[in-house]
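Secondary and tertiary structure notes
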Amino acid sequence: MQNLIIKLLKLVRRHVNIPIDPHNKPYFGPILAACQVDLSRQSIMQNLINEELRNAGPSYKILEIGSWAGQSTIIWATACKEVKKGMVFVIDHWQSSKNEPEIMKQAAKDNMIFSLFLYNIDVSGVKDYIVILKGSSDIIAEILKPETFDFIYIDGDHAYEYVKEDIEKYYPLIKKRGIVAGHDITLPGVLLAVAEFC
């Protein structure tokens, strides 16, 4: 797996003019659509989870639905590591869906994006704060217990029916006074599903 990631990063280095160190830095560039969180949102996400963890007990549980290359996963897990409490549970199948752009379909071939996810969490030094639940969110929802999580972040398939299903299935898993957040609210399917639920 490590060889696949190094080959991928060499390919990226050839085609994109950015400095990449394949031995100690995660990759969130344009190849494989690895960058999913823009910098302005990243600081908001960091501030939110830092504030939550500051006031939380030691067993704080974060659930992320949809991780792709792990950019948001690393934000949550880094915050847990800094305060030495909390865990991030990640649900993703690391496959493309019919609604995804072609670049994401290509990234999902041969487990490339999942390999990049594993590489990114490893070199970020946060893998001990992450539990991977590889599979489809609709199936995994059936095995999780109600009122288990303090924070749920929904960023799976962005088609209306899947966003609606994720909200309906995962809302019961949030603890009382917990937070449900998400990504890409400006996309029509996401916006409609959220508006209907609220």
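This section reports on the structure supplied with the text. (Residues numbered from 1 in each chain as written. Predicted model: local features only at pLDDT ≥ 70, side-chain atom pairs only at ≥ 80, totals over all residues. Heavy atoms only, no water.)

**Observations regarding the nonpolar core**
Side chains of a nonpolar character, in soluble globular proteins, are inclined to be buried together. Applicable threshold: The criterion is simple. A nonpolar core is a set of buried Ala, Val, Leu, Ile, Met, Phe, Trp, Tyr and Cys residues joined through side-chain atoms within 4.5 Å. Relative accessibility under 20% of the residue-type maximum defines a buried residue, over 50% an exposed one, and the middle range a partly exposed one, all with a 1.4 Å probe and only protein chains included. Helix and strand definitions follow DSSP, with helices as H or I runs of at least four residues and strands as E runs of at least two, each counted in order from the N terminus. A contact between two residues is defined here by any heavy atoms of the two lying within 4.5 Å.
Judged by nonpolar contacts, the single largest core of 37 residues is most densely connected at Ile-49, Ile-62, Trp-68, Trp-76, Val-88, Ile-113 and Leu-116. Looking at this core, the elements with two or more residues in it are helix H2 (39–54), helix H3 (71–83), strand S2 (87–92), helix H4 (102–108), helix H5 (112–123) and strand S4 (149–154). Here Trp-76 is in contact with Met-45, Ile-49, Ile-62, Glu-64, Val-88, Phe-151 and Tyr-153, once residues within four sequence places are set aside. Ranked by size, the runner-up nonpolar core spans 17 residues in total, among them Ala-141, Ile-154, Ile-167 and Leu-173.

**Here's the deal with the environment of Ile-62**
Structurally, Ile-62 is set in strand S1 (residues 61–65). Through-space distance from the C-alpha of Ile-62 to that of Tyr-153 is 7.8 Å; in sequence the pair is 91 residues apart. For Ile-62, the residues in contact, after removing those within four places along its chain, are Ile-49, Trp-76, Cys-80, Met-87, Val-88, Phe-89, Phe-149 and Phe-151.

**A few points about H5**
In plain terms, the rule: For a helix, the expected span equals 1.5 Å multiplied by the residue count minus one.
Over its 12 residues, H5 extends 16 Å from the first C-alpha to the last, a length consistent with the 16 Å expected when each residue adds 1.5 Å. Those residues of H5 that sit buried are Ile-113, Phe-114, Ser-115, Leu-116, Phe-117, Tyr-119, Asn-120 and Ile-121. Gly-125 occupies a position one or two residues after H5 and carries a positive phi of about 75°.

**Thoughts on the side chain of Ser-67**
Using the following cut-off: N or O atoms within 3.5 Å of each other form a polar contact, as long as, within protein, one can give a hydrogen and the other can take it, and as long as residues adjacent in sequence are counted only when both atoms are side-chain atoms.
Looking at the element boundaries, Ser-67 is found in the loop between S1 and H3. Judged by its relative accessible area of 6%, Ser-67 falls in the buried class. For Ser-67, the side chain forms a polar contact with the side chain of Thr-73, separated by 2.4 Å. Ignoring anything within four residues of it in the chain, the contact list for Ser-67 reads Thr-73, Val-90, Ile-91, Asp-92, Trp-94 and Phe-117.

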